[in-house]
Amino acid sequence: MNKVITISRQFASGGREIGEKVAKVFDIPYYDNELITQAAKASGFAESIFERAEEKATNSLLYSIAMGMNAYNSQEFGFLGYNNMSLDDRIFIAQSDIIRKVAKEGPCVIIGRCADYILRDKPNVVNIFVHAGMDFRIQRATTKYGLAVEKAAENIMKRDKRRANYHNYHSDEKWGSINNYDLAIKTDFGGIDHAVQCIKSFLEINS
């Protein structure tokens, strides 16, 4: 198997667990929080700044305004250099560089962080979207992440909105749009292990 696999996912749909298991099946590297660590080391920014980047993307309009404040020179209307970009744009660029680096090194699984868009021009990339019904996600959110049952649905929707806003700002694609993925899989239809097996079969057929 010679593919780089990117996994975008709804919150509490099991995408991270699926990614870990797929990486083990094919014995390839798995990248999630490791991307933050590597990007922080390369850029000199604290890891906490990378961790908070997606959390800021609560309101798409306000987020776009805030992120674009330093993007253009008000006098020359030209794109400014790296040092004059907004902090979040610099963070995204640093993270993008690491994603391209690990993808260049060989087959791997990359979770989230707009990897599907960042690697859009690279061959041998398979983009997967993991989703599930709300009942399934509430059950996972309360048992695995400790969210209160009465507020689980609200928290799930908020986290999905942040992911969508973050992705939509940094790309020209809409998060969750089926046209952006090679495979979409619904985890409450068969469960996590069944999803892993489906992905394995899909990748082997297309290897």
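Residues numbered from 1 in each chain as written. Predicted model: local features only at pLDDT ≥ 70, side-chain atom pairs only at ≥ 80, totals over all residues. Heavy atoms only, no water.

Draft legend 1. A look at helix 7 (residues 134-144). Those residues of helix 7 that fall on the buried side of the exposure criterion are Arg137, Arg140 and Ala141. The arc enclosing the buried residues of helix 7, seen along the axis, measures out at 100 degrees, which places them on a common side. Counted as exposed and oriented over 90 degrees from the buried face of helix 7: Asp135 and Thr143. Taken from the residues just after helix 7, Gly146 is the one with a positive phi, measuring 70 degrees. (Buried < 20%, exposed > 50% of the residue type's maximum accessible area, 1.4 Å probe, protein only. Helix = DSSP H or I, 4+ residues; strand = E, 2+ residues; numbered from the N terminus. Arc of directions from axis to C-beta.)

Draft legend 2. Expanded view of the sheet that holds strand 4 (residues 125-131). Reading across the sheet, the 5 strands line up as 2-3-1-4-5 and stay open at both edges, with parallel pairing between neighbours. A strand with exactly one partner marks an edge of an open sheet, and here the two such strands are strand 2 (30-31) and strand 5 (183-186). Where strand 1 (residues 4-9) and strand 3 (residues 108-111) come together, 4 bridges link them in parallel fashion. In the sheet register, Val4 faces strand 3, and the bridge partner there is Cys108. Relative to strand 3, helix 5 (residues 87-105) is tilted by about 160 degrees, and along the sheet it contacts strand 1, strand 2 and strand 3. (Pairing = 2+ DSSP bridges. Contact = heavy atoms within 4.5 Å. Axes fitted to C-alpha atoms, helices over the stretch in contact; angles between N-to-C directions.)

Draft legend 3. A look at the nonpolar core. Judged by nonpolar contacts, the single largest core of 24 residues is most densely connected at Val4, Leu35, Phe50, Ile99, Ile110 and Leu119. Among the secondary structure elements, those contributing two or more residues to this core are helix 2 (33-43), helix 3 (47-53), helix 5, strand 3 and helix 6 (115-118). Per-element tally for this core: the top contributor is helix 5, with 7 residues. Every residue in contact with Ile99, bar those within four places of it in the chain, is listed here: Leu35, Ile110, Arg113, Ala115, Ile118 and Leu119. Grouped together as the second largest cluster of nonpolar side chains are 20 residues, Ile7, Val126, Leu183 and Ile199 included. (Core = buried A, V, L, I, M, F, W, Y, C linked by side-chain atoms within 4.5 Å.)

Draft legend 4. Quick look at the side chain of Arg163. Following the sequence through the fold, Arg163 ends up in helix 8 (residues 149-170). In this structure Arg163 comes out as buried when scored by relative accessible area, which is 10%.

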